[in-house]
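Chain by chain, the residues:
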Amino acid sequence: MTRSRRLLRPLVAAAMGFAAYLLVTRVAGCGNLASAMLSASPLLIAAAIGVRLAVPYLHSLELYLAARAIGLGIRQRYSYKVVCASLGTEYVVPIGGFGELVKIYGVVRGGAPLRHALVAVLLQRLAASLAVASLGIAAALLLRLGGAIALLVAASWGVVAVNAALLAGVGGERSWRGLARLSERFAPRWLRELVERGGQAPRLSPVWVGVLVAVAVLERIAIIASGYLTAASIGLLIPLPLAVLLFDTLYSIVWVLPMVTPGQLGILETLQLMLMKLSGIGGAASAALPLLSRVVVTVAEAPQYLLFFSVELYSAVKLIEAEGYEGLLKALRSPVVAS
């Protein structure tokens, strides 16, 4: 497949997702969508973008703290590069969770054994999902809404359970030995070697884990605040608990599903619109809010991860195309200076 086709596919999928959302708003009779979007306060939109600018950095700080919690010396600047490449991947690779593989690759490339890289990434995922689920259940209790809201919160705790199980599996000696045996039988040589060099199970520092959880909560607060400001820009003063579910809980659940369009464009917006309808919020403003929120996220975050995604992932793909996975293993044997 040519590079132009690789670039064209995400663009076509994004256009289809956007068109599908517009069709949903038409069917739902949401009114003049363009007029509602143009009525947004530039000052509040700028404030929402300003708050959202911090999210990729906070996310990278979580990975840095997770690495520190198990004794890895990866620096914050390098963690930021890895996370930006990971976030960029999530928009163009239609596989939920593929960005986590980019994180693992980056941590191993920074000099960590594979097992330690897996623990660091899974620990960061667990802290983030725990923050999402805790805020989500608090919001649901305050709103006293059942049905679909209860399922949404239950799904967020399901993600916590999965992340906890994966972390326990990677950290457990018996499960790691089982993975090593499977790799000996079925994995290619380059992957077997990485598993063999996985190292001992790392020990967690409770202090660093506590700081990690606090930063994960701070990231959620930034996401919610940005969404709330976006809603206020078009005159929607939605309840704060609903903002938690709308901009964080729902977003996080959708993000772990298999990607259909880049960043789930159109799908996330449709689910946000449905959640607002269930909460009694309708009209053109309710249809405009998900699109405005998407604009805010894209403007704030895309410039941060686009460069690192282009450089880091492109170099890895070129390496695999030129030398195969043996070339990738060679690169992983020669860690970069993680700074």
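What you are looking at is a predicted structure, and each value in this text was computed from that prediction instead of being measured.

Rules and cut-offs
Residues numbered from 1 in each chain as written. Predicted model: local features only at pLDDT ≥ 70, side-chain atom pairs only at ≥ 80, totals over all residues. Heavy atoms only, no water. Helix = DSSP H or I, 4+ residues; strand = E, 2+ residues; numbered from the N terminus. Buried < 20%, exposed > 50% of the residue type's maximum accessible area, 1.4 Å probe, protein only. Areas by Shrake-Rupley, 256 points an atom, 1.4 Å probe, with all protein chains shown as cover. Phe/Tyr/Trp six-rings, centres within 6.5 Å; stacked < 30°, edge-to-face > 60°. Lys NZ or Arg CZ within 6 Å of the ring centre and 35° of its normal. Expected span 1.5 Å × (residues − 1). Patch = residues over 30% accessible without salt bridge, like charges linked within 9 Å, V, L, I, M, F, W, Y side chains within 5 Å. Salt bridge = Lys/Arg side-chain N within 4 Å of Asp/Glu carboxyl O. Core = buried A, V, L, I, M, F, W, Y, C linked by side-chain atoms within 4.5 Å. Contact = heavy atoms within 4.5 Å. Axes fitted to C-alpha atoms, helices over the stretch in contact; angles between N-to-C directions. Parallel < 35°, antiparallel > 145°, perpendicular 65-115°, else oblique. Left-handed = near helix turned anticlockwise from the far one by under 90°. Nonpolar A, V, L, I, M, F, W, Y, C, P; charged D, E, K, R; others polar.

Trainee: An account of the overall build of the protein chain is needed here, citing residue identities and associated values.
Mentor: Looking only at helices and strands, the protein chain features 14 helices and zero strands. From first element to last, N terminus to C terminus, the protein chain shows the α and β order α-α-α-α-α-α-α-α-α-α-α-α-α-α. The burial tally for the protein chain puts 50% of its 339 residues in the buried class. Counting only carbon and sulfur atoms, one obtains 70% of the accessible surface of the protein chain, whose full area is about 16000 Å².

Trainee: Just give me the short version of the packing of aromatic side chains, but keep the residues and values in it.
Mentor: Counted under the stated rule, the structure contains zero aromatic pairs. Across from the ring centre of Y251, 5.6 Å away, lies the NZ or CZ of R52, which sits over that ring.

Trainee: Could you give an account of helix α7 (residues 114-143), naming the residues involved and the relevant values?
Mentor: Along an α-helix, residues three or four positions apart point the same way, because every turn accommodates 3.6 residues. Its 30 residues give α7 an end-to-end C-alpha distance of 43 Å, which sits within 8% of 44 Å, the value for a rise of 1.5 Å per residue. A large share of α7 lies buried, amounting to 21 of its 30 residues. Taken from the residues just after α7, R144 is the one with a positive phi, measuring 55°.

Trainee: Talk me through the environment of Q264; I want residue IDs and the actual numbers.
Mentor: Secondary-structure assignment places Q264 in the loop between α12 (240-255) and α13 (267-278). Its relative accessible area of 2% is what places Q264 among the buried residues. Sequence-wise, Q264 and Y91 are 173 residues apart; in three dimensions their C-alpha atoms are separated by 8.1 Å.

Trainee: I'd like to hear about a nonpolar patch on the surface, residue by residue, with values.
Mentor: On the surface, a cluster of nonpolar side chains totalling about 350 Å² of accessible area is made up of L130, I137, L141 and W157. Among the elements that line the nonpolar patch, the one with the most residues is α7, at three residues. Structurally, L141 can be placed in helix α7.

Trainee: Explain the nonpolar core to me, using residue names and the numbers behind them.
Mentor: Ranked by internal contacts, the top residues of the largest apolar core, which has 90 residues, are V107, I234, L236, I238 and L289. For I234, the contacting residues outside a window of four places in its chain are A36, S39, A40, A285, A288, L289 and L292.

Trainee: Quick one: what's the story with the packing of α7 against helix α8 (residues 148-171), residue by residue and with numbers?
Mentor: At their nearest, the axes of α7 and α8 sit 8 Å apart, and the two run at 160° to each other. Classified by the interaxial angle, the pair formed by α7 and α8 is roughly antiparallel. Of the two possible hands of crossing, α7 and α8 adopt the one that is left-handed. Taken together, the residues that form the contact of α7 with α8 break down as 18 nonpolar, six polar and two charged.

Trainee: Lay out the side chain of R220 with the relevant residues and their values.
Mentor: Relative to the helices and strands, R220 resides in helix α11 (residues 206-233). In contact with R220, not counting residues within four places along its chain, are A128, A131, V132, L135, D248 and S252.

Trainee: An account of the pattern of salt bridges is needed here, citing residue identities and associated values.
Mentor: Considering all chains together, one arrives at six salt bridges under this definition. Note that E219 and R220 form a salt bridge whose closest N and O atoms lie 3.4 Å from each other. Assigned by exposure class, E219 and R220 land together as buried. Each of the salt bridges in this network shares a partner with another, and the network as a whole consists of E100, K103 and R125.

Trainee: Tell me about α11, residues and numbers included.
Mentor: Counted at 1.5 Å a residue, the expected span for α11 with its 28 residues is 40 Å, and the 41 Å between its end C-alpha atoms agrees. Phi for G235, located one or two positions after α11, is positive at around 85°.

Trainee: Please set out the packing of helix α4 (residues 54-69) against α11 residue by residue, giving values where relevant.
Mentor: To describe two helices that pack against each other, one gives the angle between their axes and the distance between the axes. Between α4 and α11, the least distance of the axes is 9 Å, while the angle of their chain directions is 170°. Taken as axis vectors, α4 and α11 run roughly antiparallel relative to one another. In this structure, α4 crosses over α11, and the sense of that crossing is left-handed. Side by side, α4 and α11 meet where V55, L58, H59, L61, E62, L65, A66, R68 and A69 of the first sit next to W208, V209, V211, L212, V215, A216, L218, E219, A222 and I223 of the second. When its residues are assigned to classes, the contact of α4 with α11 shows 15 nonpolar, one polar and three charged.

Trainee: Break down the environment of A48 for me, with residues and values.
Mentor: In this fold, A48 is placed in helix α3 (residues 42-52). Relative accessible area serves as the criterion here: at 0%, A48 is assigned to the buried category.

None of this, on its own, says anything about what the molecule does.
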